[in-house]
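# Breakdown of the fold
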Amino acid sequence: VLKGRSNYVCLQRVAEVNGTGDQLLLDAEPAPPGPAPDSGLGALGREIRRLTSWAEHDTTTGDRAELPFEPRDAAWTQVSVAARDCPGATRCPSGPRCFAEKARERAGLADVVVVNTHLYATALASGADIRPPHDVGCFDEAHELEDIASSAFGFEMGGGGLAGLGRCSRAQL
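Below is a summary of the structure that appears in this document.

Each value, and the rule that gives it
Residues numbered from 1 in each chain as written. Predicted model: local features only at pLDDT ≥ 70, side-chain atom pairs only at ≥ 80, totals over all residues. Heavy atoms only, no water. Core = buried A, V, L, I, M, F, W, Y, C linked by side-chain atoms within 4.5 Å. Buried < 20%, exposed > 50% of the residue type's maximum accessible area, 1.4 Å probe, protein only. Helix = DSSP H or I, 4+ residues; strand = E, 2+ residues; numbered from the N terminus. Contact = heavy atoms within 4.5 Å. Salt bridge = Lys/Arg side-chain N within 4 Å of Asp/Glu carboxyl O.

## Let's talk about the nonpolar core
One finds Val 9, Leu 51, Trp 76 and Val 79 to be the most contacted residues of the largest nonpolar core, which totals 20 residues. Elements with a minimum of two residues in this core: helix H1 (11-18), helix H2 (43-58), helix H3 (73-79) and helix H4 (99-109). Non-local contacts of Val 9, meaning those with residues more than four positions away in its chain, are made with Val 14, Trp 54, Ala 55, Gly 62, Trp 76, Val 79 and Phe 99.

Structure below.
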């Protein structure tokens, strides 16, 4: 089973949350080494600490589905990364240990790989090589394939995005 990148814990995000990783953002100064103290953490902070501990000590796959509890989305987003936000294994300080990349390596060796339609369409649209070479594809819920593929290959923009684009382009025009 191969899932989208956001279903795996990101070891770089974990390192950054713990204050031990190279910050990939444009920080003026790196965070001091060592984990941040737990004193004063609220429920969300404690849940994030629980996720970072699990990522560092208790998992070999980093797959969210293997967690012994269901984290809140606000906590999970602190230790995971979407494909569009990932710099890629070769440019990430934690790339050699990346759970998502290791899952893709295992998929490349498998005889049968199960992915959802969204991941399959996104991979086709982006040209990403996340699927091993294959001769056959079988789609569950194939009646949704057209909408999913249109979404993956297309472009969507709501009113807020259009207004933002207008503000950004106004100075250029």
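Having seen the model, we can carry on.
## Topic: the pattern of salt bridges
Pairs can form between side chains of opposite charge once their charged atoms are near each other. What the rule picks out here adds up to 5 salt bridges. Close ionic contact of Lys 3 with Asp 63 constitutes a salt bridge, the shortest N to O distance being 2.9 Å. One end of the pair, Lys 3, is in the segment before H1; the other, Asp 63, is in the loop between H2 and H3, with 60 residues separating them in the sequence. Under the relative-accessibility criterion, Asp 63 is labelled buried at 11%. With its nearest N and O atoms 3.4 Å apart, the salt bridge here joins Asp 73 to Arg 64.

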